[in-house]
Amino acid sequence: QQPGRSLLGAAQEQWLAEGWDLQRRWNLLAQTTLLAPLNLPAPGKPADSGRTWTDGWDGYPAARARLLQGAAERRVANLVALGGDVHAHYVATLKADVANPDSAALGSEICGTSISSHGPERARTDAALARNPHLLHARGDQRGHVLLTIDSQRLQAALMAVADPADPASAVDVQARFVVEAGRPGPQPA
C-alpha cells in the first residue's frame, strides 16, 4: 500500500483534519462508504482466507489511519461516521489502531444499505462479523435505510428493512437498533 494515497484527496483530507468542531456535542462524518476495516472471506475459499476490499477505505489504510489519528489527537468528541454505498447495514466501533482489536474506541460508525440494490448473502455478512471484532452488526440480505434520532445525550440508530423492495407499499420493520451515548465512543445494541 502506498502511504501517500488518499481517498479524499490531500486538500479535503487537510480540511477535515483541521475542521473538527470541538465545541459541538456531536461530530458526524458523512462520507460515501464504510470507514471501518472489512476483512471478508474470499468467495469459494476456506473461511480463514481473507481478502481486502479496495474500493473503499480498506484500499487507503494510511489515509484512514491519518483521519482517525487526527481525530484522536484533536480529541474529537462523539465522532460518528455515517456511510453507505456498500449494499449492507454495518455498525462498527472505530478503533485508534484498526489492526489491534484491543485498541481504544475513538468513535462509532453507522453504514446504511440500499433500497433496491442487492447486497451480500447472509452467510457472507455473518462470516464478516466473525472475522471483524469491531463490527457489531452486518446484514446485506435485506434492503432498507437508517433512521437516526439525535439529542444532547444520545444518538439512536434504527436500521430499517423493507419486506419487499419491489413493492412501493411494502412493510418496513426494524432490523436492529443501536445507541451511541455522548461521551462513550462505540455503539451499543439498544
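Everything below is about the structure shown above.
Residues numbered from 1 in each chain as written. Predicted model: local features only at pLDDT ≥ 70, side-chain atom pairs only at ≥ 80, totals over all residues. Heavy atoms only, no water.

## A look at the sheet that holds strand β10 (residues 172-181)
Working step 1: The sheet built from 4 strands is open, its strands ordered β8-β9-β10-β11 with antiparallel pairing. Two strands lie at the open edges of the sheet, namely β8 (144-150) and β11 (188-189), each paired on one side alone.
Working step 2: Here strand β9 (residues 154-162) pairs with β10 via 9 bridges, running antiparallel. From the neighbouring strand, Met160 faces β10, where its bridge partner is Val174. (Pairing = 2+ DSSP bridges. Helix = DSSP H or I, 4+ residues; strand = E, 2+ residues; numbered from the N terminus.)

## Structural notes on a nonpolar patch on the surface
Working step 1: Residues Leu28, Leu148 and Ile150 make up a contiguous nonpolar surface patch of roughly 220 Å² in combined accessible area.
Working step 2: Taking relative accessible area as the criterion, Ile150 reaches 38% and is therefore assigned partly exposed. (Patch = residues over 30% accessible without salt bridge, like charges linked within 9 Å, V, L, I, M, F, W, Y side chains within 5 Å. Areas by Shrake-Rupley, 256 points an atom, 1.4 Å probe, with all protein chains shown as cover. Salt bridge = Lys/Arg side-chain N within 4 Å of Asp/Glu carboxyl O. Buried < 20%, exposed > 50% of the residue type's maximum accessible area, 1.4 Å probe, protein only.)

## Some points on the side chain of Asn78
Working step 1: Counting through the fold element by element, Asn78 comes out in the loop between α2 (61-74) and β4 (79-83).
Working step 2: Once residues lying within four places of it in the same chain are set aside, the contact partners of Asn78 are Arg25, Trp26, Asn27, Glu181, Ala182, Gly183 and Arg184. (Contact = heavy atoms within 4.5 Å.)

## Examining the pairing of strand β5 (residues 89-95)
Working step 1: Most of β5 sits out of view: 7 of its 7 residues are buried.
Working step 2: Residues of β5 alternate between two faces, with His89, Val91, Thr93 and Lys95 on one and Tyr90, Ala92 and Leu94 on the opposite face, all of them buried.
Working step 3: Summarising the sheet, β5 and strand β7 (residues 135-139) pair through 4 bridges and their orientation is antiparallel. Looking across to β7, one finds that Val91 is bridged to His137.
Working step 4: Pairing of β5 with strand β6 (residues 105-111) involves 6 bridges; the strand directions are antiparallel. From the neighbouring strand, Lys95 faces β6, where its bridge partner is Ala105.

## Some thoughts on the sheet that holds β7
Working step 1: Taken together, the 5 strands give an open sheet; going across it, the order is β1-β4-β6-β5-β7, and neighbouring strands pair in mixed fashion. Strands with a single pairing partner mark the edges of an open sheet, and in this sheet they are β1 (27-30) and β7. Sheet twist, expressed as the mean angle between neighbouring strand axes with direction ignored, is 20 degrees. (Axes fitted to C-alpha atoms, helices over the stretch in contact; angles between N-to-C directions.)

## Section: unusual backbone geometry
Working step 1: Positive phi, normally seen in glycine, also occurs at Arg75, with a value near 55 degrees.
Working step 2: Assignment of secondary structure puts Arg75 in the loop between α2 and β4.
Working step 3: The exposure class of Arg75 is exposed, given its relative accessible area of 73%.
Working step 4: Phi at Asp85 takes a positive value of approximately 60 degrees, unusual for a residue other than glycine.
Working step 5: Note that Asp85 resides in the loop between β4 and β5.
Working step 6: For Asp85, a relative accessible area of 61% gives the class exposed.

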